[in-house]
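Overview (structure and organization)
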Amino acid sequence: MTANPERPVAVVTGASGGIGRATVRALASRGYDVGLIARGRAGLQAAAADVAERGGRACAVPTDVADADAVETAAARIESELGPIDVWVNNAMTTVFSTIADLEADEIRRATEVTYLGAVYGAMAALRRMRARDHGTVVFVGSALAFRGIPLQAAYCASKFAMRGFYDSLRTELLYERSHVRTTIVHMPAVNTTQFGWCRAKVDKFPQPVPPIYEPELCAAAIADAIVTAPRQKILGSWNWLVVQMAKIMPGVGDHFMARSGVGGQLTGIDIDPDRPDDLFGPVDADADHGAHGIFGDRSQGVATPAFLRGLRRQAALFASSAWARSVEAFRRRARSGFDRSSRPVTQGRTAGT
């Protein structure tokens, strides 16, 4: 396969499903040849067919992004088959829906290795090539949960927080070097993707994205646009933006709000099979292509869905009660602090006027 100088080359990790799969289609439609990195072979083959249908060339490399050497090998193969990499999209992720009390050490380590270190290894492989050419764009797929931790998602939230810190450091170093290599991060809202059907879930009910929910094509378009404009960061979705601002301005109120709404908001009323296969340590799409979409298509029109609009009154009430609870918490802390000071023994040996 020879390089086509008229078509730039993009690499997408987590390319077999969800946002990654939608991004593959969006980039191919915009004239890219696409390197595909994921573990599921059936999904990779279908993603390669998506690229071909849109007039592009694909190089599918089954890869676990938690393996730095494997990521480097995949990057080398993609360049040898498609040509110099112009864009690298760090999208691969996995997670465990679980309380921290129920998490095992190997589960949180694995989620971190894929979601955080996978992005680090991808960026490093891309930069080894882009720095030498002084050209290219590295895109990180972030989340509102890179700003706001929520219950049941400690492993994922921590990984996205870490990704945001790594991205900040990378950006400052590229600015220091006066490099023409660009980097950007796009923070996603709740999305109707396949992950909820195959993530490890140590809960009784089928997990769901916290409404409002969006389709992966909206996210893919935002990623494709960010490649062109390279904003410092893009927060997708008005509700997402509000969540991020709350995390900055009133994190204590956010704690109480998430304590009241975070668990129930992530669970459906559908019983979950405790023995269902999950993708934490191995792919579940080795033999079947699951595509880009999950099961929440009827609720994935963002804030415009009737169900979400009907729920705004309840959200407002929860916010008010959360603000009150935070105020009470702060008052009690101050009162306790004052009590502690007043109960300390007076230092002996002082004289009048000291």
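Relevant structure appears above.
A short tour of the structure in this document, coming up. (Residues numbered from 1 in each chain as written. Predicted model: local features only at pLDDT ≥ 70, side-chain atom pairs only at ≥ 80, totals over all residues. Heavy atoms only, no water.)

1. Notes on the overall build of the protein chain
A tally of helices and strands in the protein chain yields 11 helices and 13 strands. Dimensions of the protein chain along its principal axes, counting C-alpha atoms only, are 90 × 50 × 35 Å. Across the 354 residues of the protein chain, 50% fall into the buried class. Taking the intrachain contacts of the protein chain between residues at least 6 apart in sequence as the baseline, contacts between residues at least 24 apart amount to 77%. (Helix = DSSP H or I, 4+ residues; strand = E, 2+ residues; numbered from the N terminus. Buried < 20%, exposed > 50% of the residue type's maximum accessible area, 1.4 Å probe, protein only. Contact = heavy atoms within 4.5 Å.)

2. Regarding the environment of arginine 133
One can find arginine 133 in helix H4 (residues 105-133). On the basis of relative accessible area, arginine 133 is assigned to the partly exposed category, the value being 34%. Between the C-alpha atoms of arginine 133 and alanine 335, which are 202 residues apart in sequence, the distance is 61 Å. Arginine 133 has contacts with Glu79, Pro84 and Ile85, leaving out every residue within four places of it along the chain.

3. Points about the packing of aromatic side chains
Tallied over the entire structure, the rule returns four aromatic pairs. Measuring from ring centre to ring centre gives 6.1 Å for phenylalanine 140 and phenylalanine 166, while their planes differ by 65 degrees; the resulting arrangement is edge-to-face. Of this pair, phenylalanine 140 sits in strand E6 (residues 137-143) while phenylalanine 166 sits in helix H5 (residues 154-176), and the two are 26 residues apart along the sequence. Considering the side-chain rings of phenylalanine 196 and phenylalanine 296, the 6.1 Å spacing of their centres and the 90 degrees angle between planes classify their relative orientation as edge-to-face. With a gap of 100 residues between them, phenylalanine 196 in helix H6 (residues 195-198) and phenylalanine 296 in the loop between strand E13 (267-271) and helix H10 (306-310) connect regions that are remote in the sequence. For the pair shown, phenylalanine 196 and phenylalanine 296 are each scored as buried. Members of the aromatic cluster, connected to one another through ring pairs, are Phe97, Phe196 and Phe296. (Phe/Tyr/Trp six-rings, centres within 6.5 Å; stacked < 30°, edge-to-face > 60°.)

4. Some thoughts on the pattern of salt bridges
The full count for this structure, using the stated rule, is 21 salt bridges. Among the salt bridges present, the one from arginine 57 reaches aspartate 33, with a minimum N-O distance of 2.8 Å. Pair noted here: arginine 57 is in the loop between helix H2 (41-53) and strand E3 (58-62) and aspartate 33 is in strand E2 (residues 33-38), with a separation of 24 residues, a long-range link. In this structure, the salt-bridge partner of arginine 39 is aspartate 279, at a minimum N-O distance of 3.7 Å. In this pair, arginine 39 is assigned in the loop between E2 and H2 and aspartate 279 in the loop between E13 and H10, connecting sequence segments 240 residues apart. (Salt bridge = Lys/Arg side-chain N within 4 Å of Asp/Glu carboxyl O.)

5. Description of the sheet that holds strand E12 (residues 233-235)
Strands pair in a sheet through their backbones, by hydrogen bonds, and they do so in one of two ways: parallel or antiparallel. Taken together, seven strands build an open sheet; the order of strands is E3-E2-E1-E4-E6-E7-E12 and the sheet is parallel. With one partner strand each, in any of the chains shown, E3 and E12 form the two edges of the open sheet. On average, each strand axis in the sheet is tilted by 15 degrees relative to the strand beside it, whichever way the strands run. The pairing of strand E4 (residues 87-90) with E6 spans four bridges and is parallel. By the bridge assignment, asparagine 90 is partnered in E6 with phenylalanine 140. (Pairing = 2+ DSSP bridges. Axes fitted to C-alpha atoms, helices over the stretch in contact; angles between N-to-C directions.)

6. What about the environment of proline 151?
Mapped onto the elements, proline 151 comes out in the loop between E6 and H5. When the C-alpha atoms of proline 151 and phenylalanine 97 are compared, they prove to be 8.8 Å apart, with 54 residues separating the residues in sequence.

7. Looking at the nonpolar core
Ile37, Ile78, Ile85, Trp88, Met130, Val138 and Phe140 are the most contacted members of the largest nonpolar core, which has 32 residues in total. Contributions of two or more residues to this core are made by strand E1 (9-13), E3, helix H3 (68-82), H4, E6 and H5. Of the residues forming this core, the biggest block, nine residues, is contributed by H4. Discounting residues that sit within four places of it in the chain, isoleucine 37 has contacts with Val11, Val12, Thr13, Gly14, Ala15, Leu44, Val61, Thr63, Val65, Ala74, Ile78 and Trp88. Counting residues in each nonpolar core, the second largest holds 29 residues, with Val24, Tyr32, Val51 and Val89 among its members. (Core = buried A, V, L, I, M, F, W, Y, C linked by side-chain atoms within 4.5 Å.)

8. Here's the deal with the packing of H4 against H5
Put simply, H4 and H5 touch, their axes get as near as 8 Å, and they point 20 degrees apart. As judged from the angle between their axes, H4 and H5 are roughly parallel. Considering only the axes of H4 and H5, their crossing is right-handed. Facing Ile108, Ala111, Thr112, Thr115, Tyr116, Ala119, Val120, Ala123, Leu127 and Arg131 of H4, the residues of H5 in contact are Ala155, Tyr156, Ser159, Lys160, Ala162, Met163, Phe166, Leu170, Glu173 and Leu174. Looking at the contact of H4 with H5, its residues break down into 14 nonpolar, three polar and three charged. (Parallel < 35°, antiparallel > 145°, perpendicular 65-115°, else oblique. Left-handed = near helix turned anticlockwise from the far one by under 90°. Nonpolar A, V, L, I, M, F, W, Y, C, P; charged D, E, K, R; others polar.)

9. Observations regarding unusual backbone geometry
Here the residue pair proline 211 and proline 212 is connected by a cis peptide bond, since its omega of 5 degrees sits within 30 degrees of zero. Note on placement: proline 212 falls in the loop between strand E10 (205-207) and strand E11 (213-214). At aspartate 134, a position not held by glycine, the phi torsion is positive, near 55 degrees. Within the fold, aspartate 134 resides in the loop between H4 and E6.

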